[in-house]
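# Per-entry structural report
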Amino acid sequence: PEGNVFPTRTELHTPEITSSHVKGMAEYFGAEMTGIARLTPADTRDGEFFPFAVICAVHADYDPRKSPGIGGQVPVQNGLFISFVLSAWIRELGYRASAAPEPDAEKLAARAGLGSLNEEGKLVTPRFGANVHVANVIRTDLPLAPDG
């Protein structure tokens, strides 16, 4: 379960510096690619609007949707760890953050500048091609500078 938001907000630098810190923490936790997308009211989920989404991705030798064994599921486990711990860190800063599966995660990843979508709607990145897994999307009100 998600934890509580720390009651006192941390004093932050600019959104650009804060974004750099978020990406650094994501890399520290194991993300190989991280992007930030600005959300619009049309992106509201479960009646709650967050202005930004942090999208983390990891290399995946096998497509987790087609490979139920350990080889296909390791990227999923890594992504779950990254999004859980990173969202907890944002809440400790005093901002709301919710990590959850996102049906349009690959579209948000493309919007955040991580790559582009192929004909099948799968994310293709310059670094890993289509061999990438997009972790749970972190929706947050932490002031960030969007990519893409």
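Parameters and conventions
- Residues numbered from 1 in each chain as written.
- Predicted model: local features only at pLDDT ≥ 70, side-chain atom pairs only at ≥ 80, totals over all residues.
- Heavy atoms only, no water.
- Helix = DSSP H or I, 4+ residues; strand = E, 2+ residues; numbered from the N terminus.
- Rg over C-alpha atoms; globule rule 2.2 N^0.38 Å.
- Contact = heavy atoms within 4.5 Å.
- Buried < 20%, exposed > 50% of the residue type's maximum accessible area, 1.4 Å probe, protein only.
- 1 Å grid on protein atoms, 1.4 Å probe; cavity = no way out; pocket = protein on both sides within 12 Å on 5 of 7 lines; lining within 4 Å.
- Points joined across faces, edges and corners; volume = space filled by probe spheres on them.
- Nonpolar A, V, L, I, M, F, W, Y, C, P; charged D, E, K, R; others polar.
- pLDDT = per-residue confidence, 0-100.
- Polar contact = N/O pair within 3.5 Å; in protein donor to acceptor, adjacent residues only side chain to side chain.

## Overview of the overall build of the chain
- A count of helices and strands for the chain gives 3 helices and 7 strands.
- Beginning at the N terminus, the succession of helices and strands in the chain can be written as α-β-β-α-β-α-β-β-β-β.
- By the compact-globule yardstick of 15 Å for 148 residues, the chain fits well, its C-alpha radius of gyration being 15 Å.
- When the backbone C-alpha atoms are referred to their principal axes, the chain occupies close to 45 × 30 × 30 Å.
- Look at the contacts in the chain between residues 6 or more apart in sequence, and 72% of them connect residues 24 or more apart.

## A look at the environment of Arg111
- Structurally, the position occupied by Arg111 is in helix α3 (residues 105-111).
- Given a relative accessible area of 37%, Arg111 falls into the partly exposed group.
- Separated by 37 residues in the primary sequence, Arg111 and Gly148 have C-alpha atoms spaced 5.9 Å apart.
- Other than its neighbours up to four places away in sequence, Arg111 contacts Ala37, Arg38, Leu39, Thr40, Asp43, Asp147 and Gly148.

## Side note on the layout of surface pockets
- Quantified by volume, the largest pocket comes out at close to 390 Å³.
- Grouping the constituent residues of the lining of the largest pocket by class yields 9 nonpolar, 4 polar and 7 charged.
- Estimates place the volume of the second largest pocket at around 190 Å³.
- The set of elements that each furnish at least two residues to the lining of the second largest pocket consists of β3 (97-100) and β7 (137-140).
- Looking at the lining of the second largest pocket, the element that brings in the most residues is β3, giving 3 residues.
- A per-class count over the lining of the second largest pocket returns 6 nonpolar, 1 polar and 5 charged.

## A closer look at the confidence of the model for the chain
- When the pLDDT values of the chain are averaged, the result is 94; 100% of them are 70 or greater.
- When the elements of the chain are averaged for pLDDT, helix α2 (residues 70-92) gives the smallest value, 94, and strand β1 (residues 33-38) the largest, 98.

## Points about the environment of Gln73
- Structurally, the position occupied by Gln73 is in helix α2.
- Overall, the relative accessible area of 24% leaves Gln73 in the partly exposed class.
- Separated by 13 residues in the primary sequence, Gln73 and Ala60 have C-alpha atoms spaced 8.8 Å apart.
- Polar contacts involving the side chain of Gln73 include one to the main-chain carbonyl oxygen of Pro64, which spans 3.0 Å.
- Among the polar contacts listed, one links the side chain of Gln73 to the backbone oxygen of Ser67, at a separation of 2.8 Å.

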